[in-house]
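Residue strings, one per chain:
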Amino acid sequence: MTTQAPALAPAAVSRPRTARRARRLPAPALVSAVVLAAVAALTLLAPLISPYGPLEGDLAARLQPIGSPGHLLGTDGQGRDVLTRLLHGARPSLLAGLLPVVFAAAVGIVLGLVAALGHPRVHTLVMRSLDVLYAFPAVLLAIAIAAALGSGISNAIIALAVILVPPVARVTESEAMRIKSADFMAAAQVSGAGRVSIALRQVLPNVAPGVVVYATALVGLSIVYAAGLSYLGLGVSPPTAEWGVMVSEMQQYLFTAPSLLLVPAVAILVVSVAFNVLGDGLRDFFNVRTDAS
Amino acid sequence: MTKFLVRRLLLSVPILLGVSLVVFITIKIIPGDPVASMLGPTSTPEAREALTARLGLDQPLPVQYLSWLAAMFQGDLGQSIAQQRPVLGLVADAFVNTLWLTAFSAVLAVVLGLVLGAVAALRRGRVAATVSNALALFSISTPQYTIGLLLIIVLANGTGWFPVSGMYSAIGGGTWGDLLWHLVLPGITAALVPAGIIARMFRSTVLDVMSMDFIDSYRARGLSERRILWHAFHNTTPTLLTVAGLQVGYLLGGVVFVETVFSWPGLGQLVFDSISKRDLAVIQSGVMVAAFAFVLINVVVDLLHSLIDPRVRA
Amino acid sequence: MTSPTETPETSGAAPSRPGAPAPTAGPALEVTGLTTTFSRGGRQVLAVRGVDVSVGAGESLVLLGESGSGKSVTIRSILRLYGSSARHTGSVVLGDQDLMRLDAAAVRAVRGRTLAMVPQDPNGSLDPLRPVGRQLEQVLRLHGVVADRKAARARALELLALVGIPSPPRVAASHPHELSGGMRQRVAIAIAVACDPAVLLADEPTTALDVTVQSQILDLFGDLQERLGTALLLVTHDVSVAADVADRVAVMYAGSIVEEGPAREVLENPRHPYTQALLDAIPRPTSERGHLKAIPGSPPVAGTDFHGCSFADRCALAQESCRTQPPALLPVADGHRAACPVANPVVAA
Ligand SMILES: Nc1ncnc2c1ncn2[C@@H]1O[C@H](COP(=O)(O)OP(=O)(O)OP(=O)(O)O)[C@@H](O)[C@H]1O
Ligand SMILES: [Mg+2]
């Protein structure tokens, strides 16, 4: 039994049979990296380059269309500048997407290593517990956890981290099991190295590339989910600028000012696509494959 | 075969128990006194105490958990405080609605995914393959809550071609055609992500299988490329089944965003609504049902898998 | 299931290989000047550089060479399995047809029918999802050698019995993973001989099997040849396999044939320095030397250009002319040819 959510379904990261290792990062991945770097720069510079304050609205100039003078991307229902909110919204949107993956990677790697290198009983215990988490439809579980913890960005991050741990742990475990059976491990054991030392010195460096590649691909998904929680009112709460919040705010004007909705929608999509493309590129570059089976 | 099925079903029992434990704990974390929210702010302490005792909430947690389990076994999912109805009926209705949406988008996702994946694999190096790959990538990256809204803008706003909310029209509704018509936009929205995943999986599986030795021996036996392709597709079915099964499970519990955007009265919508109303009984039952269905789908997938691929039976 | 009954009837059949019955009429398969060129990353890789071999009916020719010498490419080129991913020159004449001149449909009609292949690895060469009997029946129906499904089924069981499978009905209903490696290779051979082909190509058919099964499978080839009169072109890197099976041996080095002749002649009286080195490099019980001689250097990488003899760089006898003039395969004894004018200066008629 694996999982349900999009890229959450790897049973194994393995060296592909046919594909040759790419010598350079493929062009689309390079483009994605550049796009993401640009997004990161804009995010950091948001307070400096935004024409207005994120909460500063002019009710006389509501719902200005894209391309209006003084409002490059128009204004929202409360007369706030959409470009400003987009720039300011990037920080919470990206953080809420990235941090869960970072936390999940940290916890998942530890769990995966413990499972793979620990006592068989520990292995069973860890893997069966993960199966339980896998049995939940991921989005629903995230929503339930976020709801239980109460709305707020940190709770959304925790909720997402919880649903991302099982796939990371599983990838780590299968990769570590593979490495464990390799020859040099036997040599390390014979030489009397301790379990922890083996885990850190021999297994972790070999597991890391695969897990990092896999985690990169998860970021796209995580950003979509994070904005989704905010959209549902479970993450960042209005009036704070955040992309999911913006989608939900613009939804009211779906029929009167539909093009405004495009702004946060495209932002989420671009970042998510960029992370997925980057993940694909890294996978080819490091010659690892995350099998969905 | 029966043995396989029984073993597989037995294996899912501990998982379901684990699931119920997680649900129980999650619900217990929810801040606030459920009894107070049930009775309203004007209730007397005596009334609250009485209800607490009646609901068994003064018992130790393990006892509460076990009695919840026992009740669930008897089909008693409790009472919805928001709707003053038994939860069972509520959840069952919502689940059926979600099933419609799931079935529709699953068919769409599999068809779309297979077409995109096959084009990407078999037209490798050509424009069509690049386009297919790009579409698949785009699909898996789409946030359902924005794509749904965009579809409304493009396909429904102004044109009125498709309804944008609910399952049936208020006037003259209720027919199969009406349901299908209402399914189009939410169905497409929900189908995109799984379609992208199936497409990417199918592409890599087809390429994998086509590079296997037996494909070449078929060639050496004189089979036409068409028939070889057919055998190759046959050999992708175990993987396809597994991934598609997972995606159906994902749809079952994961269409919350779609249901919200299109006001589809399904399970996700129900659970989400109940959160703001602190309707705990509905939340826990809704999540339980989704997880239960997911586990069940996995059993069915494994069973079909073993029928197709004799190697897993052994 | 590793069945102990790997050889019911075949083990008794004494194969009469060395000095086998003289082939009738012309050769069953005649390959002349075959070259195979791949394009790899814009570079042209010449993997087979003009191979001439011919096999008569009932005869077995072993193509012997070390890894990377181009044996598999030769076999696959004969079947034209590379499709558009390789370019060929030369001819592959089978009966009265030149395969290199046929269109794709006509080539398909030949494959599996008059020219069949036994794959190297029986573990991967059978469709894992279909019972092996069905795969056997498929070939029979495909080439129209049986009238209907029922006849195909009956013939399939006969063929399984022919290749020495103890309980054909049970095996026919099995999936490949339920059979042992030896059984699987027997099935693959049954599929190859199903349509009574004139020529059987076998690419290292025993390397994936353990030693005892190996010799049983080799015996089976001899037995089948005797009964069906099939010509056999078998590829191996294993000199003992060659000694076991071959009527004639062709030695391949870096994409071309350097020596060719009757098995005993070539293996006991090699005329080409490469063949001599190759035979010295293997442990032989008859050999009195305690250690093996490794051949110094390594073969040219496929794709490198060289003009003279491909072995010149590693050859102790090499002269200046060897590096400029490609040596022709010239007769050195009765039916024995070698491509080394230095070692065989006197050309026997
Ligand atoms: N499809 C291909 N494209 C490009 N080069 C190829 C291809 N197939 C084989 N080659 C090259 O042709 C050369 C001969 O390979 P071949 O597989 O025929 O060797 P072999 O004699 O069968 O060796 P082995 O005993 O290892 O099977 C090798 O150098 C290989 O790299
Ligand atoms: Mg080979």
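Computed from a prediction, not measured in an experiment: that's the story for all the values here. (Residues numbered from 1 in each chain as written. Chains lettered and ligands numbered in written order. Predicted model: local features only at pLDDT ≥ 70, side-chain atom pairs only at ≥ 80, totals over all residues. Heavy atoms only, no water.)

Student: Tell me about the overall build of chain A, and name the residues and values.
Tutor: Each helix and strand counted, chain A has 9 helices and 2 strands in total. Ordered by position from N to C terminus, the α and β elements of chain A give β-α-α-α-α-α-α-α-α-α-β. Contacts spanning at least 24 positions in sequence make up 75% of the contacts within chain A whose residues lie at least 6 apart. (Helix = DSSP H or I, 4+ residues; strand = E, 2+ residues; numbered from the N terminus. Contact = heavy atoms within 4.5 Å.)

Student: Break down the pairing of strand 10 (residues 256-262) of chain C for me, with residues and values.
Tutor: Residues and elements named next belong to chain C. By the criterion of burial, strand 10 is predominantly enclosed, with 6 of the 7 residues buried. With 6 bridges connecting them, strand 9 (residues 248-253) and strand 10 associate as antiparallel partners. Across the sheet, the residue bridging to A250 is E260, located in strand 10. In this structure, the hairpin formed by strand 9 and strand 10 is closed by a connection of 2 residues, where A254 is found at a positive phi of approximately 45°. Note that strand 10 and strand 12 (residues 336-338) share 2 bridges and pair antiparallel. Residue pairing across strands places E259 opposite A338, the latter belonging to strand 12. (Buried < 20%, exposed > 50% of the residue type's maximum accessible area, 1.4 Å probe, protein only. Pairing = 2+ DSSP bridges.)

Student: Quick one: what's the story with the site of ligand 1, residue by residue and with numbers?
Tutor: Residue and element names in this part refer to chain C. In the vicinity of ligand 1 there are 13 residues, among which S67, G68, K71, S72 and V73 approach most closely. Contact distances for ligand 1 include 3.0 Å between an oxygen atom and a backbone N or O atom of G70. Taking 630 Å² as the accessible area of ligand 1 by itself, protein coverage stands at 70%. Among the elements that take part in the shell around ligand 1, helix 1 (residues 71-78) stands out by supplying 3 residues, more than any other. Here the residues of the shell around ligand 1 are counted per class, giving 4 nonpolar, 5 polar and 4 charged. (Near = heavy atom within 4 Å. Polar contact = N/O pair within 3.5 Å; in protein donor to acceptor, adjacent residues only side chain to side chain. Areas by Shrake-Rupley, 256 points an atom, 1.4 Å probe, with all protein chains shown as cover. Nonpolar A, V, L, I, M, F, W, Y, C, P; charged D, E, K, R; others polar.)

Student: Explain the interface of chain C and chain B residue by residue, including any values.
Tutor: Much of the literature gives interface size as the accessible area that the parts lose upon coming together. The interface is formed by 23 residues belonging to chain C together with 21 residues belonging to chain B. Interface area for chain C against chain B, summed over the two sides, is near 2,000 Å², with a carbon-plus-sulfur share of 58%. Counting the surface chain C buries against chain B, the share from its top three residues, L129, Q138 and L142 of chain C, is 29%. Where chain C meets chain B, there are 1 salt bridge. For D216 of chain B, the salt bridge goes to R76 of chain C, with nearest N and O atoms at 2.1 Å. Here chain C and chain B share 11 residue pairs in polar contact (both at pLDDT 80 or more) between them. Across the side of chain C that touches chain B, the residue classes tally to 9 nonpolar, 8 polar and 6 charged. (Buried area = accessible area lost by both parts, 1.4 Å probe. Salt bridge = Lys/Arg side-chain N within 4 Å of Asp/Glu carboxyl O.)

Student: So what's going on with the nonpolar core? Which residues, and what values?
Tutor: Inside soluble globular proteins, nonpolar side chains tend to come together where they are buried. Residues W243 of chain A together with V19 and Y145 of chain B are the most contacted members of the largest nonpolar core, which totals 153 residues. The element best represented in this core is helix 7 (residues 195-232) of chain A, accounting for 19 residues. In this view, Y145 of chain B contacts I223, V224, A227, G228, Y231, V247 and I268 of chain A together with F257 and V261 of chain B; residues no more than four positions away in its chain are not counted. In terms of nonpolar packing, the next biggest core, distinct from the first, is built from 63 residues, A156, V171, V193 and V266 of chain C among them. (Core = buried A, V, L, I, M, F, W, Y, C linked by side-chain atoms within 4.5 Å.)

Student: An account of the sheet that holds strand 11 (residues 330-333) of chain C is needed here, citing residue identities and associated values.
Tutor: Residues and elements named next belong to chain C. Ordered in space as 6-7-8-3-9-10-12-11, the 8 strands form an open sheet in which the pairing is mixed. A strand with exactly one partner marks an edge of an open sheet, and here the two such strands are strand 6 (115-118) and strand 11. The sheet shows a mean angle of 25° between the axes of neighbouring strands, direction not considered. Note: strand 6 against strand 7 (residues 199-203), 4 bridges, orientation parallel. (Axes fitted to C-alpha atoms, helices over the stretch in contact; angles between N-to-C directions.)

Student: Explain unusual backbone geometry to me, and be specific about the residues and the numbers.
Tutor: All names here are of chain C. Unlike most non-glycine residues, D196 shows phi in positive territory, near 50°. One can find D196 in the loop between helix 6 (181-193) and strand 7. Looking at D196, the relative accessible area reads 46%, which means it is partly exposed.

Student: Account for the interface of chain B and chain A, with residues named and values stated.
Tutor: Across the contact, 53 residues belong to chain B and 52 residues belong to chain A. With both sides pooled, the region where chain B packs onto chain A buries about 4,500 Å², and carbon together with sulfur makes up 78% of that total. Scanning the region where chain B abuts chain A turns up 1 salt bridge. The salt bridge involving D280 of chain A is made with R200 of chain B; its shortest N-O contact spans 2.8 Å. Taken together, the connections running from chain B to chain A amount to 5 residue pairs in polar contact (both at pLDDT 80 or more). Those elements that provide at least two residues to the side of chain B that touches chain A are helix 1 (2-29), helix 6 (127-141), helix 7 (144-156), helix 8 (176-210), helix 10 (225-254), helix 11 (256-261), helix 12 (267-276) and helix 13 (280-308) of chain B. No other element matches helix 10 of chain B, which puts 9 residues into the side of chain B that touches chain A.

Student: Which residues make up the pattern of salt bridges, and what are the values?
Tutor: A side chain of one charge can pair with a side chain of the opposite charge if their charged atoms are brought near each other. Under the definition given, this model contains 22 salt bridges over all chains. Put simply, R128 of chain A and D131 of chain A hold a salt bridge, and the shortest N to O gap is 2.9 Å. Pair noted here: R128 of chain A and D131 of chain A are both in helix 3 (residues 120-134), with a separation of 3 residues, about one helical turn. Classification of D131 of chain A as buried rests on a relative accessible area of 9%. Connected through salt bridges with shared partners, the residues D280, R283 and D284 of chain A together with R200 of chain B form a single ionic network.

Student: For the domain arrangement of chain B, give the residues involved together with the corresponding values.
Tutor: Residue and element names in this part refer to chain B. In terms of domain boundaries, chain B breaks down into domain 1 (32-76) and domain 2 (88-312). Its C-alpha centre places domain 1 at a distance of 39 Å from the equivalent point of domain 2. At the interface, 5 residues of domain 1 touch 5 residues of domain 2. Both faces considered, domain 1 and domain 2 share a buried interface measuring about 380 Å² in area, 72% of it formed by carbon and sulfur atoms. In this assembly, domain 1 and domain 2 are joined by 0 salt bridges. (Domains from an automatic or database assignment.)

Student: For the sheet that holds strand 1 (residues 29-40) of chain C, give the residues involved together with the corresponding values.
Tutor: All names here are of chain C. Overall, antiparallel pairing links the 4 strands, which are arranged 2-1-4-5 in an open sheet. The open sheet terminates on both sides in strands that have one partner only, identified here as strand 2 (43-55) and strand 5 (97-98). Judged from the 10 bridges that link them, strand 1 and strand 2 form a sheet pairing that is antiparallel. For T36, the partnering residue across the bridge sits in strand 2 and is V48. Lying on the sheet, helix 1 is in contact with strand 1, strand 2 and strand 4 (86-94); it crosses strand 1 at an angle near 110°.

Student: Can you tell me about the packing of aromatic side chains, naming the residues and giving the values?
Tutor: Residues and elements named next belong to chain B. In this structure the tally under the stated criterion is 11 aromatic pairs over all chains. Here the aromatic rings of F214 and Y218 are separated by 6.0 Å at their centres, their planes lie at 80°, and the arrangement is edge-to-face. Of this pair, F214 and Y218 both sit in helix 9 (residues 213-220), 4 residues apart, which is roughly one turn of that helix. Using a relative accessible area of 2% as the deciding quantity, one classes F214 as buried. For Y218, a relative accessible area of 1% puts it in the buried group. (Phe/Tyr/Trp six-rings, centres within 6.5 Å; stacked < 30°, edge-to-face > 60°.)

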